[in-house]
Amino acid sequence: MPDDEGHPNVEEIELGPVLAALADPLRRRVVRELAAEPDGAARTCSSFGLPVSKATVTHHFRALREAGLIRQVDRGNSRMASLRRADIEQRFPGLLGIVAAESEE
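Residues numbered from 1 in each chain as written. Predicted model: local features only at pLDDT ≥ 70, side-chain atom pairs only at ≥ 80, totals over all residues. Heavy atoms only, no water.

Under an unreviewed UniProt entry, the protein chain has the name DNA-binding transcriptional ArsR family regulator and belongs to Streptomyces netropsis.

Written as C-alpha cells, this is what we have:
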C-alpha cells in the first residue's frame, strides 16, 4: 500500500505503471536528469524547467511518484524530487540505464 504521500513500497512498483509514466518525453527527461545526478540527489520540481504550466508539472511529478520512479519530500513551499534508483534497479535491472542512454530530442 502506498504511503501517505503516494509512494508505493518497492515490492508494489509494477512494470505497467512505470512504463506508462516513462511514455511521456517530459517525464523521461526528469528521470534522465535525476539519473545523471549523484545517488540521493534531490531537486525542486521547478529546477527542471519543463515548458508546461505549473498544474501540468504537478501532474507529471504525481505520475512519476505514483509509479514509484521518484520520491518527493516537502521542503517549505516547494517539493524536492529524488530518483528511487536502488528500488527501480532492484525491480527492473537495467531500465534506468536505458532511459539515461536516450538522447535528448
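> Got a minute to help me understand the pattern of salt bridges in this structure?
Charged atoms that come close allow side chains of opposite charge to pair. Inspection of the entire model under this criterion finds eight salt bridges. Linking Arg-43 and Glu-33 is a salt bridge whose minimum nitrogen-to-oxygen distance equals 3.1 Å. With Arg-43 in strand β1 (residues 42-44) and Glu-33 in helix α2 (residues 25-36), this pair connects stretches of sequence that are 10 residues apart. One connected set of salt bridges, linked through shared partners, spans Arg-29, Glu-33, Glu-37 and Arg-43. (Salt bridge = Lys/Arg side-chain N within 4 Å of Asp/Glu carboxyl O. Helix = DSSP H or I, 4+ residues; strand = E, 2+ residues; numbered from the N terminus.)

> Before we go on, may I ask you to explain the environment of Ala-100 in this structure?
Assignment of secondary structure puts Ala-100 in helix α5 (residues 95-101). C-alpha separation for the pair Ala-100 and Glu-33, spaced 67 residues apart in sequence, amounts to 7.9 Å. Among residues more than four places away in sequence, those in contact with Ala-100 are Arg-32 and Ala-35. (Contact = heavy atoms within 4.5 Å.)

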